[in-house]
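Working through the structure, step by step
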Amino acid sequence: MVAVETATPGDADAVADLWVDLAREQRRYGSHLLADPNRDAIRESVAHHAVEGGLSVARDSGDVVGFVRYGVEEGPLAVAVTHGVVRDLYVAPAHRRSGIGSTLLDAAEAALRDSGVDVIRLEALAANDDAVRFYEDRGYHPHRIGFEREVETDKHSRAER
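Rules of the game
- Residues numbered from 1 in each chain as written.
- Predicted model: local features only at pLDDT ≥ 70, side-chain atom pairs only at ≥ 80, totals over all residues.
- Heavy atoms only, no water.
- Helix = DSSP H or I, 4+ residues; strand = E, 2+ residues; numbered from the N terminus.
- Rg over C-alpha atoms; globule rule 2.2 N^0.38 Å.
- Buried < 20%, exposed > 50% of the residue type's maximum accessible area, 1.4 Å probe, protein only.
- Contact = heavy atoms within 4.5 Å.
- Lys, Arg positive; Asp, Glu negative; His and termini not counted.
- Charge placed at Lys NZ, Arg CZ, Asp CG, Glu CD.
- Polar contact = N/O pair within 3.5 Å; in protein donor to acceptor, adjacent residues only side chain to side chain.
- 1 Å grid on protein atoms, 1.4 Å probe; cavity = no way out; pocket = protein on both sides within 12 Å on 5 of 7 lines; lining within 4 Å.
- Points joined across faces, edges and corners; volume = space filled by probe spheres on them.
- Nonpolar A, V, L, I, M, F, W, Y, C, P; charged D, E, K, R; others polar.
- Pairing = 2+ DSSP bridges.
- Right-handed = clockwise from strand over helix to strand, strands pointing away.
- Phe/Tyr/Trp six-rings, centres within 6.5 Å; stacked < 30°, edge-to-face > 60°.
- Axes fitted to C-alpha atoms, helices over the stretch in contact; angles between N-to-C directions.
- Salt bridge = Lys/Arg side-chain N within 4 Å of Asp/Glu carboxyl O.

1. What about the overall build of the protein chain?
Regarding its fold elements, the protein chain presents four helices and five strands. Relative to the 2.2 N^0.38 estimate, which gives 15 Å for 161 residues, the radius of gyration of the protein chain is 17 Å and therefore close to what a compact globule would have. Projecting the C-alpha coordinates of the protein chain onto the three principal axes gives extents of approximately 50 × 40 × 30 Å. Counting only residues that meet the buried cut, the protein chain has 37% of its 161 residues in that class. Restricting to contacts in the protein chain with at least 6 residues of sequence separation, those with at least 24 account for 59%. Across the protein chain, the centroid of the 19 positively charged side chains sits 4 Å from that of the 29 negatively charged ones.

So, in C-alpha cells, the structure goes:
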C-alpha cells in the first residue's frame, strides 16, 4: 500500500535520486536542466524543504516512489493574491497511473491552502502532453505562456534545427 506523508531529512537522498530521474526524463520535452550535475544542489534544497516544510513523499513498502515539492511564493513586489507554487511533482514510472500523482498533488494543495495561499501555480513543459493533461484534469489552466528561441552563433544556426 502506498502512503503519502511529510518528508523527513532522511528522505533527501531518495528524493534527489528521483529528481535526477525527473530531470533526465524532462530533457526529451525540451528542459535545459541537467540531471546529474544538479543532484547535490537539489539534495540540499529537498533537505531544506524536509526541515522547513514543503516536501511530501509517496512510500511503497518503505521506499520513496514519488515526491512533490511546494511552497509559498515570496518576493519584494506587492501582489493582489498570495501564490503557492508546486515546484516538482514526480512519480517513478512503475508507479504511475495508480493515483499517486493525484494524492501527492492533493497533499501539496492542502498544505498550501492551510498556509493561506489564494492561487496555486505550477509549470509543465508544453511538449509534455501527459503532464499538461493531468494538470488540466485537476482544474489548472494556462496562465502565462513562455517563449524561447536559440541564439544564432558560430556554433549553430537556427536553420540547422
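From this point, the discussion proceeds with the structure in view.
2. Looking at the side chain of His-83
Tracing the sequence through the fold places His-83 in strand β4 (residues 83-91). Taking the relative accessible area as the measure of exposure, His-83 reaches 16% and is therefore buried. In terms of polar contacts, His-83 uses its side chain to reach the side chain of Arg-121, at 3.0 Å. Residue contacts for His-83: discarding those within four places in its chain leaves Gly-71, Val-72, Glu-73, Val-117, Val-119 and Arg-121.

3. A short note on the layout of surface pockets
The method is simple in principle: a probe with the dimensions of a water molecule rolls over the atoms, and the space it marks as empty is what remains. Estimated volume of the second largest pocket: approximately 180 Å³. At the level of elements, α2 (39-52), β3 (63-72) and α3 (100-114) are the ones that each hand at least two residues to the lining of the second largest pocket. Of the residues assigned to the lining of the second largest pocket, the class counts are four nonpolar, six polar and two charged.

4. Considerations on the pairing of β4
When you tally the buried positions in β4, you get eight out of nine residues, the bulk of the element. Here seven bridges tie β3 to β4, and the two strands are oriented antiparallel to one another. What sits directly across from Val-72, in β4, is Gly-84. With four bridges joining them, β4 and strand β5 (residues 119-122) adopt parallel strand pairing. When the bridges of β5 are listed, Gly-84 appears paired with Ile-120. One crossover worth recording links β4 to the parallel β5 by way of α3, and it is right-handed.

5. Thoughts on the packing of aromatic side chains
This structure, assessed with the given rule, holds three aromatic pairs. Summarising the aromatic geometry, the rings of Phe-67 and Tyr-90 are spaced 6.4 Å apart at their centres and angled 45° between planes, so their arrangement reads as tilted. Of this pair, Phe-67 sits in strand β3 while Tyr-90 sits in strand β4, and the two are 23 residues apart along the sequence. For Tyr-90, a relative accessible area of 4% gives the class buried. Ring pairing ties together the aromatic residues Phe-134, Tyr-135 and Tyr-140, which thus form one cluster.

6. A look at the sheet that holds strand β1 (residues 2-6)
Judged by pairing direction, the sheet is mixed, and its five strands sit side by side in the order β1-β2-β3-β4-β5 without closing on themselves. Edge positions in the sheet fall to β1 and β5, since each has one partner strand and no second. Here the strands of the sheet are splayed against their neighbours by 25° on average, with no regard to which way each runs. Against the sheet, helix α1 (residues 12-27) makes contact with β2 (55-60), β3 and β4, and its axis sits at roughly 80° relative to β3, the strand it touches most.

7. Observations regarding the pattern of salt bridges
Applying the stated criterion across every chain yields a total of 14 salt bridges. Ionic pairing is found between Asp-88 and Arg-69, a salt bridge with its closest N-O pair at 2.6 Å. Residue Asp-88 is found in strand β4, and its partner Arg-69 is found in strand β3; the two are separated by 19 residues along the sequence. In this structure, Asp-88 and Arg-69 share a single accessibility class: buried. With its nearest N and O atoms 2.8 Å apart, the salt bridge here joins Arg-138 to Glu-109. Highlighted residues: Arg-138 in the segment after α4 (129-137) and Glu-109 in helix α3, separated in sequence by 29 residues. For Arg-138, a relative accessible area of 25% corresponds to the partly exposed category. Look at the salt bridges and you will find they share partners, linking Asp-13, Asp-17, Arg-39 and Arg-43 into a network.

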